[in-house]
Amino acid sequence: MAASTGRAAGVVPAGYTGEGQRGAPGAVPAGYTALAVKFAERQRSHHCLLVKEHQVREGADTAHPPRRTLFVLNVPPYCGPDSLSRLFSRCGHVQSVDICDKPGPGEKKDKLASKFFDHKTLKGFQVAYVVFRKPAAVQAAKALSQEGPLLISTESHPVKTGISKWIANYEASIMDPKELKAEVDAYMQDYDKKVAEEEAKAAMEEGVPDEEGWVKVTRKGRKPGLPRTEAANLRVLEKEKQKRARKELLNFYAWQHRETKREHIAQLRKKFEEDKQRIALMRAQRKFRPY
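Residues numbered from 1 in each chain as written. Predicted model: local features only at pLDDT ≥ 70, side-chain atom pairs only at ≥ 80, totals over all residues. Heavy atoms only, no water.

On a plain count of helices and strands, the protein chain comes out with 6 helices and 6 strands. Scored against the burial criterion, the 291 residues of the protein chain give a buried share of 25%. (Helix = DSSP H or I, 4+ residues; strand = E, 2+ residues; numbered from the N terminus. Buried < 20%, exposed > 50% of the residue type's maximum accessible area, 1.4 Å probe, protein only.)

Below, the discussion takes up a nonpolar patch on the surface. A cluster of nonpolar residues, Val184, Tyr187, Met188 and Tyr191, forms a patch on the protein surface that exposes about 410 Å² of accessible area. In this structure, tyrosine 187 sits in helix H4 (residues 177-205). Using a relative accessible area of 56% as the deciding quantity, one classes tyrosine 187 as exposed. (Patch = residues over 30% accessible without salt bridge, like charges linked within 9 Å, V, L, I, M, F, W, Y side chains within 5 Å. Areas by Shrake-Rupley, 256 points an atom, 1.4 Å probe, with all protein chains shown as cover. Salt bridge = Lys/Arg side-chain N within 4 Å of Asp/Glu carboxyl O.)

To describe a pair of aromatic rings, one takes the distance between the centres and the angle between the planes. The final tally for this structure, using the stated rule, is 3 aromatic pairs. When the centroid spacing of 5.1 Å and the interplanar angle of 85° are considered together, the rings of phenylalanine 39 and tyrosine 78 count as edge-to-face. Taken together, the residues span a long stretch of sequence, with phenylalanine 39 in the loop between strand S1 (33-38) and strand S2 (47-53) and tyrosine 78 in the loop between strand S3 (69-75) and helix H1 (81-88) at a distance of 39 residues. As far as burial versus exposure is concerned, phenylalanine 39 and tyrosine 78 are alike and both buried. Seen from their ring centres, phenylalanine 88 and phenylalanine 132 are 6.5 Å apart, and the 90° between their planes marks the pair as edge-to-face. A residue pair is termed long-range when its members are at least 10 positions apart, and phenylalanine 88 in helix H1 and phenylalanine 132 in strand S5 (residues 126-132) qualify at 44 residues. Taken as a pair, phenylalanine 88 and phenylalanine 132 share a single burial class, namely buried. (Phe/Tyr/Trp six-rings, centres within 6.5 Å; stacked < 30°, edge-to-face > 60°.)

Formed by 27 residues in total, the largest nonpolar core has its most connected members in Leu70, Val72, Leu84, Phe88, Val130 and Phe132. When near neighbours in sequence (up to four residues on either side) are disregarded, leucine 70 contacts Val51, Lys52, Glu53, Phe88, Ala128, Tyr129, Val130, Phe132, Val138, Ala141 and Lys142. Listed in part, the 8 residues of the second largest apolar core include Tyr32, Ala34, Leu50 and Phe71. (Core = buried A, V, L, I, M, F, W, Y, C linked by side-chain atoms within 4.5 Å. Contact = heavy atoms within 4.5 Å.)

What follows covers the side chain of aspartate 98. Note on placement: aspartate 98 falls in strand S4 (residues 94-100). Residue classification places aspartate 98 among the buried residues on the basis of a relative accessible area of 17%. Of the polar contacts made by the side chain of aspartate 98, one reaches the side chain of histidine 64; its length is 3.2 Å. (Polar contact = N/O pair within 3.5 Å; in protein donor to acceptor, adjacent residues only side chain to side chain.)

The next subject is the sheet that holds strand S6 (residues 150-151). Within a sheet, neighbouring strands are paired by backbone hydrogen bonds and run either parallel or antiparallel to one another. Read across the open sheet, the 6 strands follow the order S4-S5-S3-S2-S1-S6; overall the sheet is mixed. Here the strands that pair on one side only, and so sit at the sheet edges, are S4 and S6. Where S3 lies against S5, 5 bridges are found, and the strand directions are antiparallel. Residue valine 75 lies in a different strand from S5, and its bridge partner there is glutamine 126. Helix-sheet contacts for H1 involve S1, S2, S3, S4, S5 and S6, and the interaxial angle to S4 is about 135°. (Pairing = 2+ DSSP bridges. Axes fitted to C-alpha atoms, helices over the stretch in contact; angles between N-to-C directions.)

In structure tokens, the structure reads:
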């Protein structure tokens, strides 16, 4: 199964015809060297890794320095950094192995602190950058093409493929609630500590002018400023309306109730007289006037 998946390599340059043709004319792209590897002792056909010296301008790629970095194509998804490090350790001391989805400038990456969050699953064939301590190790790695198929998976360091890898991936996807809780608690402690440090720094800088003489003014306290949004404004207006209604106490006494009725009847009468005058005016304007 490991050998059959090598034909689906999407990152192999044009001109590479597949596996099992090590040294065949036209099978390896120009500038690359084919290394035959096997992932099992009983594997009949081998898999080809295409390697060459990584060449960039000085200072353009700090993570993958030139003359000490080996660029590897056609890396299967089940071949991790540890497997490549063991494979090329016979050529010299391996400082780091960086596996990427596609070739590109390398950057210094922070160490993955969590195994539950931000875990990237590798899909498809990858490219790798193997950084050695000495430049001579790169040439020694390219010379491995003169040897027979190199065995990557051993009894002490097996490389799981096929169903075994799927089962291992499923078992690794099951989270331990205790470990997850411990990691979340540790993260929240670090976050609270960071927030406390930022607040302490802001308190020290409060009221202190900057280089241009400006003083940053902020509002703090038990009642911080409300956000200027439509929903917040509507809530404030509703609270003010309720507050005024509690203070006014409309129609609390009997005389207030009588005065309210009397005012309402007076408004209706006034409106009735206005409507009569408007109707009379409309009727007068409808008379026939030939001259």
